[in-house]
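Chain and residue survey
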Amino acid sequence: MAELHKLTIAELSELMAAGKCTSVDIVTDVLASIDATEGKVGAYLTIDREGALAQAKASDEARAAGSTLPMLGVPIAIKDLLNVKGQPCTCSSKILEGYIAPYDATVISKLREAGAVLLGRVNMDEFAMGSSTENAALGQTSNPWNLEHVPGGSSGGSAACVAADEAIASLGSDTGGSIRQPAAFCGCVGVKPTYGRVSRYGLTAFASSLDQIGPITKTVKDSAILLEAICGLDKNDSSSIDAEVPAFGKNLSDDTSLAGMKLGLPKEYFVDGMDPDVEKAVRDAVEHCKSLGAEIVDVTLPNAKYAIAVYYIIATAEASANLARFDGIRYGMRLDGRDPAELYGKTRAAGFGPEVKRRIILGTYVLSSGYYDAYYKKAQKVRTLIRNDFTEAFKQCDAILAPVTPTPAYKRGEKADDPLKMYLDDILTTPVNLAGNCALSVPCGFSATGMPIGLQIIGDDFQEETILKVGHAYEQTTEWHTRKPEIV
Amino acid sequence: MSEVNQGMDVGYVAKLACIDLTDKEKELFQGQLDQVLHYVEQLNELDVADVEPTAHAIPVYNILRKDEVGMSLDHAAVMNNAPSSIDGQIRVPKIIDQ
Amino acid sequence: MKYEATIGLETHIMQKTNSKMFCSCKYEYGAAPNTHVCPTCLGYPGALPVMNEKAIELICKAGLLLGCEINPNSKWDRKNYFYPDMAKNYQITQADQPICLGGEVTVEVEGEVKTFTLERIHQEENAAKNTHAAGASLVDYNRAGTALMEIVSNPCMHSAADALAYMTAVKQIMRYGGISDCDQEKGQMRSDVNVSVRPVGQKELGSKVEIKNMNSFAFIQDAIEYEINRQISVLESGGTVDQETRGYNPDRGETFIQRTKEDAHDYRYFPEPDLMPVKVSAEQVEQWRSELPELPSQRRARYISDLELPEYDAGILTADKDVSDWFDEAMKYTKNAKAVSNFIMGEMMRLISEQDIEISESKVTPEKLAEIIALIDSKTISTSAGKQIFEMIFIDGGEPKKIIEEKGMAQVSDDSALEGWADEAIANNPKSVDEYKSGKLGAINFLMGQVMKASKGKANPGAVMQMLKSKLDG
Ligand SMILES: [Mg+2]
Ligand SMILES: [Zn+2]
């Protein structure tokens, strides 16, 4: 039988439905694959072997009893910032040492309802602050395509485990590109849903007005299936939006024609300093979509170039408040002091890594008295301009095609001590978080050095169906997504 | 943003954020964050005097819940998470009323 | 030089909701520590706030009762500061767009009618409770995140008496409106007081001193008086008053410095991204307005005009909502408002304070009092007998009619019985009789007393008086 761990949600669901394999077979196979490659990849922080096998057994019994849940028996890896009742939730930070989550995040409840098997918790940049998963206090994750290279971030573990066939699919979170960028770096598909589509309840907040949870998978179809399972209004999240959830999975047809579709190409997204391999791969992908019948139109997003400045003001400001709760009082690490102030100062100094400290300090500064209007208020206004750009652009096209990153995955340590340089790499992903609309990343080629390259397909608010259709058509008529890294 | 050009005092801001920094960290962050602040000054190119600020990308209103009592957490779970506790209360160093 | 003080209050009031402001945990005073807590009110990772509909209704009704304008668009902000009673180390509050704007409270201070204006009322969440043990402090998060509204007055008061009248009126209105019980012992009403002093005639206000977090009205008065005198003496000794935050030590009767202007907090307010703005429609406001209860001032007016009670009675009856409600209930069973008022202000007030119980717990129900009054008015019993019966029922319960029968308290009016007692009194007291006849008409009261005594209080006083007069004058 085919090695189950290499298959997709869609394929495995068919096999299980046809009685050709069980969830226990799949989980056993995936665990074996973890044993084989995890030593090199280092995607996981905790693997719940017994729990996963027990859930697999239960889902096989449910299927025997007639259950046809959409994710029944499919093993999923979880980014370590999602609360799962009874499990640690470290966010790859020392400061949450000893914390046991007393509740399930809404997406976790939804995965359970959909019958999925929770496999384990995967690595990330501390509190999702980073683009390489190098800011991780509890372990190092490598890019399965080249172990010297970073997997991207902050959802580096989520992308690496899927690329290495150590999970069938995973959940990540995207605040400024943290799903799309690692998906591109590792040759996976990743979706950043429209803000409010997926409940943030139980997602440890980095920047509340930007964070969204989304899938990282081997195919667009799988992303559609997983997205469908986690979407929907949640009364526990005031920013959750009451929009009907289409049957993303079923609605993806095998018809790969893009006839009648207008796809926008923003000149601003081909920034100087962009890796030529990336630019070529993306331009080829645009031509390919044209060959599938799409009409390519030029669009302009003139304010996108301000996205980094706006993003690093708004995200760090929100983070400075969101991370204030990590104070050593109610849970997590505590270094005692003579008074609370001393306890806070020592605990937070020892518990946070350098990038988290940097961002908290930046965010604290831009909110501090005398600077609020100059930084935060101004950033919020430019955020409006960035959103308006997209509103205008989508009057001329159904979706926008763009690169995900200026370069493919780079060597570990290459940018580690130059924060600004690292921040600038988010230039192509942050505009969507600021505007709130949706986007996905799908493999569209490889660099000369053999690293994957991603195509970003950007949609208007709640137009996930459109970008999934385009992504699916592109993917089904190309072979990039079928390639596997040597280590598997 | 004229006053901004004076740059930030990392030591002071770290105090506000309740993070004790070593002198090495202060020096390192000072340089790195001055760079970032210099970079974000490009926003001054834009005249946004009459642009509405965006707090929520996709705003909705009046998201309310009924005034009904729901489940609270198991007390033991709460205490087990606390680094230090006495008689069901969370223990902290003596608060000198500031 | 003469000085004048300027005083403004920030009064925090806990609203009467079942669940907390942003989570569904119960608020229950005195519950075992940390038993009404959840990820949201503990500031756990990933937890999110959702607004309590009832709290929004209550703060808007409070605003309407205080003549505020309801803001059609209000929003939420984070107020950042580290403190062990603040689970998230920021408080969700309303900075630049509060839900209630303006408003005023009209009161009588030492006979003078004054109107104190409000700046705003905003909604926020309560802090946890710290208690201080040896060498450590303890935190109980049961109170953390409960609905707390802050009524901010303008700096428009000038004396401790002003402040007391203002707080008393606000408390009374909040209780009448069912917004809050304002139980100060339970910390349901606490105030920060801003006091400044300036030479009379000076335009700009003196520098402001804030005295934080007091619940007892008496302490607040003392603190204000102390602070006014302190600031005046500083100025008179040629010094300057520093803008600072002070606390009040009731044992010493002094305020003490807590925080100077230099180390004042930098709260770094910014819009709360986890909560959406609140829009209140004009229709909604009218709906709420139509549901508002009658206020003490309105009741007082009604008692005076409709029920023809003296202002004095009306004032006392409406001072406490429970008493006033009890009075209104009794008026459903009788027309004799003055009699009900007399019984409440007399027997009822005395007995409930002796027994230290609430009027609502009295065994004398409004219906039974009405029955007692009916029996007096029908001359079945004397007023004094009525009072005795009231007290008996208050202590042991029972039915007025039964008690009258059992204790034989019915009045006697038939002449034969009265005649006997009257003749006896006249025969035994010739001195009084002579005095009466010689013009000292008052002497008849002594004879009257003798008759009442002989009848053990059952004789109908009116009838006795007539009988004595006819016998002596005749
Ligand atoms: Mg306040
Ligand atoms: Zn709670």
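Here the structure is shown first, and the text comes after it.
All values reported here derive from a predicted model rather than from experimental measurement. (Residues numbered from 1 in each chain as written. Chains lettered and ligands numbered in written order. Predicted model: local features only at pLDDT ≥ 70, side-chain atom pairs only at ≥ 80, totals over all residues. Heavy atoms only, no water.)

What about the overall build of chain C?
When helices and strands are counted, chain C shows 15 helices and 18 strands. For a compact globule of 474 residues, the expected C-alpha radius of gyration is about 23 Å, and chain C comes in at 30 Å, more than 25% above that figure. In terms of overall dimensions, chain C has a C-alpha envelope of 95 × 55 × 50 Å along the principal axes. Per-residue burial for chain C yields a buried fraction of 53% across its 474 residues. Nonlocal contacts in chain C, meaning residues at least 24 apart in sequence, comprise 67% of its contacts between residues at least 6 apart. (Helix = DSSP H or I, 4+ residues; strand = E, 2+ residues; numbered from the N terminus. Rg over C-alpha atoms; globule rule 2.2 N^0.38 Å. Buried < 20%, exposed > 50% of the residue type's maximum accessible area, 1.4 Å probe, protein only. Contact = heavy atoms within 4.5 Å.)

Comments concerning the environment of Lys2(C)
Residue and element names in this part refer to chain C. Position of Lys2 relative to the elements: it lies in the segment before β1 (3–14). The exposure class of Lys2 is exposed, given its relative accessible area of 62%. Each C-alpha atom, one on Lys2 and one on Val200, is 5.7 Å from the other, the two residues being 198 residues apart in sequence. Residue contacts for Lys2: discarding those within four places in its chain leaves Arg198, Pro199 and Val200.

Some words on helix α12 (residues 415–428) of chain C
All names here are of chain C. Over its 14 residues, α12 runs 19 Å from end to end, which matches the ideal 20 Å to within 8%, given 1.5 Å per residue. Along α12, the residues that are buried comprise Leu418, Ala422 and Ala425. Projected down its long axis, α12 shows its buried positions confined to an angular sector of 65 degrees, all on one face. Turned more than 90 degrees from where α12 packs its buried face, Ser416, Ala427 and Asn428 sit exposed. Packing partners of the buried residues in α12 comprise α14 (444–454) and α15 (461–473). (Expected span 1.5 Å × (residues − 1). Arc of directions from axis to C-beta.)

Structural notes on the coordination of the magnesium ion (ligand 1)
Residue and element names in this part refer to chain C. Looking at the metal site, the magnesium ion (ligand 1) is ligated by Glu124 (OE), Glu124 (OE) and Glu150 (OE), spaced 2.1 to 2.7 Å from it. Here Glu150 lies in strand β12 (residues 147–153) and Glu124 lies in strand β9 (residues 112–125), a separation of 26 residues in the sequence. Judged by its relative accessible area of 4%, Glu124 falls in the buried class. (Donors = N, O, S within 2.8 Å, 3.2 Å for Na, K, Ca; no water.)

So, the interface of chain B and chain A
If you look at the interface, chain B gives 54 residues, while chain A gives 68 residues. Of the roughly 5,100 Å² buried where chain B meets chain A, counting both sides, 69% is carbon and sulfur surface. Looking only at chain B, the three residues that lose the most surface to chain A are Leu43(B), Ile58(B) and Asn81(B), adding up to 13% of its buried area. The tally of links between chain B and chain A comes to 2 salt bridges. Two residues, Glu25(B) and Lys357(A), come together in a salt bridge whose shortest N-O distance is 2.8 Å. (Buried area = accessible area lost by both parts, 1.4 Å probe. Salt bridge = Lys/Arg side-chain N within 4 Å of Asp/Glu carboxyl O.)

Here we look at the packing of aromatic side chains
For the structure on display, the rule yields 27 aromatic pairs over all chains. Here the aromatic rings of Phe127(A) and Phe352(A) are separated by 6.0 Å at their centres, their planes lie at 75 degrees, and the arrangement is edge-to-face. Placement of the pair is Phe127(A) in the loop between β3 (117–122) and α5 (156–163) and Phe352(A) in the loop between α10 (340–351) and α11 (354–367), with a sequence separation of 225 residues. Residue class for Phe352(A) comes out buried when judged on its relative accessible area of 3%. Ring geometry for Tyr303(C) versus Phe327(C): centroids 4.8 Å apart, planes at 55 degrees, classification tilted. In this pair, Tyr303(C) sits in helix α5 (residues 296–305) while Phe327(C) sits in helix α7 (residues 321–330), placing the two residues 24 residues apart along the sequence. Its relative accessible area of 0% is what places Phe327(C) among the buried residues. Across from the ring centre of Tyr410(A), 4.4 Å away, lies the NZ or CZ of Lys415(A), which sits over that ring. Its guanidinium or amino end placed over the ring of Tyr61(B), Lys279(C) lies 4.5 Å from that ring's centre, counting from NZ or CZ. (Phe/Tyr/Trp six-rings, centres within 6.5 Å; stacked < 30°, edge-to-face > 60°. Lys NZ or Arg CZ within 6 Å of the ring centre and 35° of its normal.)

What about the interface of chain A and chain C?
Counting residues at the interface gives 39 residues for chain A, matched by 29 residues for chain C. Interface area for chain A against chain C, summed over the two sides, is near 2,700 Å², with a carbon-plus-sulfur share of 59%. In this structure, the connection of chain A to chain C is made through 1 salt bridge. Here Asp274(C) and Arg200(A) are joined by a salt bridge, their closest N and O atoms 3.0 Å apart. Our count for the chain A to chain C interface comes out at 17 residue pairs in polar contact (both at pLDDT 80 or more). Those elements that place two or more of their residues in the side of chain A that touches chain C are α9 (307–322), α10, α11 and α12 (373–393) of chain A. Tallied by class, the residues present in the side of chain A that touches chain C amount to 18 nonpolar, 13 polar and 8 charged. (Polar contact = N/O pair within 3.5 Å; in protein donor to acceptor, adjacent residues only side chain to side chain. Nonpolar A, V, L, I, M, F, W, Y, C, P; charged D, E, K, R; others polar.)

Things to note about the sheet that holds strand β2 (residues 85–86) of chain B
Reading across the sheet, the 4 strands line up as β2(B)-β3(B)-β11(C)-β10(C) and stay open at both edges, with antiparallel pairing between neighbours. The open sheet has two free edges, formed respectively by β2 of chain B together with β10 (129–133) of chain C, since each of these has just one partner strand. Judged from the 2 bridges that link them, β2(B) and strand β3 (residues 89–93) of chain B form a sheet pairing that is antiparallel. Looking across to β3(B), one finds that Ile86(B) is bridged to Gln89(B). (Pairing = 2+ DSSP bridges.)

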